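# Analysis of the macromolecular model
Chain by chain, the residues:
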Amino acid sequence: MTARIRDKSHVVLRCHTCGALTAQKIFTLRTAQPACASCRHRAILAMAHKAGLEFQGYDPDYHKIGIYRAPCGHTVRRQFGQIERIANGHCKLRCETCHSGKEAEEAADRGWQLMGSDPAGNPNYRIYQHGCGHSQRVARTNMQSGRFQCTACGEGWATAPSHLYAIRLELPTGLKVVKLGFSRDPELRLRHQLLLQPGIQAELLRTVPQPTGHAALCQEKALHRALKTSHPDAIIPHEHFRDWLAVKTEIYGIEVASVILKHLDDIRKK
């Protein structure tokens, strides 16, 4: 203790660690270990630096929250405990401003405009407005993948444009196969729907645009009939790939890949 200040209930203490002065109540001195505000501030600065942030000040409304400048240049508010977890690698900082911009870009790529958060409070949903002017509640994951329709002007799969595709797959078991099918988005089919487990090597070999899903379905069925007739031994039984692929049929041995690609090229030329 160096001196009394304010009134008879307050004293000034000098920290043995950093030498800074701190005002404390005598009651605190008698009943607890007083904390040094200067040491705490230094620790906050050090933790922010370790987390890759710039500490800008304390939140005026809540003593456990600090204001930081993120590497992207935006300002974020976080609890000091969360900054410590970020600094120790237990989690990552997500800038709300950057994240909102990313979501807006995702929507724009699909022909939609991000309007705001879900009125129902579900963090997985957003409100978007389509180019036709219709507003709709859509899960963000569906906006990313395109697996939804505008309920005002959207087309069903049968009338929407589609593609025939051939995908080469090599399973960790060593089995090499070709998947023949149709989809509105073959890249999405490959990345998010077809593969059940990691470790599968996959390559989209060919896509052939079709005017409608119905046209694609008819072409696909004709191809499967032709392959069943010409190369029945190339059909791979389901038990050979059921633990790896989210399909039951339409899988052929790699030896008929060139045959399938020729069929698709012939269809493209028509």
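Residues numbered from 1 in each chain as written. Predicted model: local features only at pLDDT ≥ 70, side-chain atom pairs only at ≥ 80, totals over all residues. Heavy atoms only, no water.

### Thoughts on the nonpolar core
Ranked by size, the top nonpolar core spans 16 residues in total, and within it Leu164, Ala166, Leu180, Tyr252, Ile260 and Leu264 carry the most contacts. Secondary-structure elements contributing two or more residues to this core are strand E10 (162-170), strand E11 (176-183), helix H7 (213-230) and helix H8 (257-269). Considering every element that reaches this core, the biggest residue donor is H8, with 5 residues. Apart from the residues lying within four places of it in its own chain, the contact partners of leucine 180 are Tyr165, Glu220, Leu223, His224, Leu227, Glu250, Tyr252, Ile260 and Leu264. (Core = buried A, V, L, I, M, F, W, Y, C linked by side-chain atoms within 4.5 Å. Buried < 20%, exposed > 50% of the residue type's maximum accessible area, 1.4 Å probe, protein only. Helix = DSSP H or I, 4+ residues; strand = E, 2+ residues; numbered from the N terminus. Contact = heavy atoms within 4.5 Å.)

### Looking at the pattern of salt bridges
Under the defined criterion, the tally for this structure stands at 11 salt bridges. Residues aspartate 59 and arginine 77 are paired through a salt bridge, measuring 2.6 Å at the closest nitrogen-oxygen approach. Pair noted here: aspartate 59 is in the loop between strand E4 (54-58) and strand E5 (65-69) and arginine 77 is in strand E6 (residues 75-79), with a separation of 18 residues, a long-range link. Take aspartate 59: its relative accessible area is 7%, and that puts it in the buried class. We note a salt bridge from glutamate 96 to arginine 78, for which the minimum N-O separation is 3.0 Å. Residue glutamate 96 is located in helix H4 (residues 96-109), and its partner arginine 78 is located in strand E6; the two are separated by 18 residues in the primary sequence. Judged by its relative accessible area of 9%, arginine 78 is buried. If you follow the salt bridges from partner to partner, you end up with Glu103, Glu106, Arg126 and Arg140 in one network. (Salt bridge = Lys/Arg side-chain N within 4 Å of Asp/Glu carboxyl O.)

### What about the sheet that holds E5?
Reading across the sheet, the 3 strands line up as E4-E5-E6 and stay open at both edges, with antiparallel pairing between neighbours. Of all the strands in the sheet, the pair left with one neighbour each is E4 and E6. The mean inter-strand angle of the sheet, taken between neighbouring strand axes irrespective of direction, is 35 degrees. On the sheet, helix H3 (residues 80-87) packs against E4, E5 and E6 and is oriented at approximately 100 degrees with respect to E6. (Pairing = 2+ DSSP bridges. Axes fitted to C-alpha atoms, helices over the stretch in contact; angles between N-to-C directions.)

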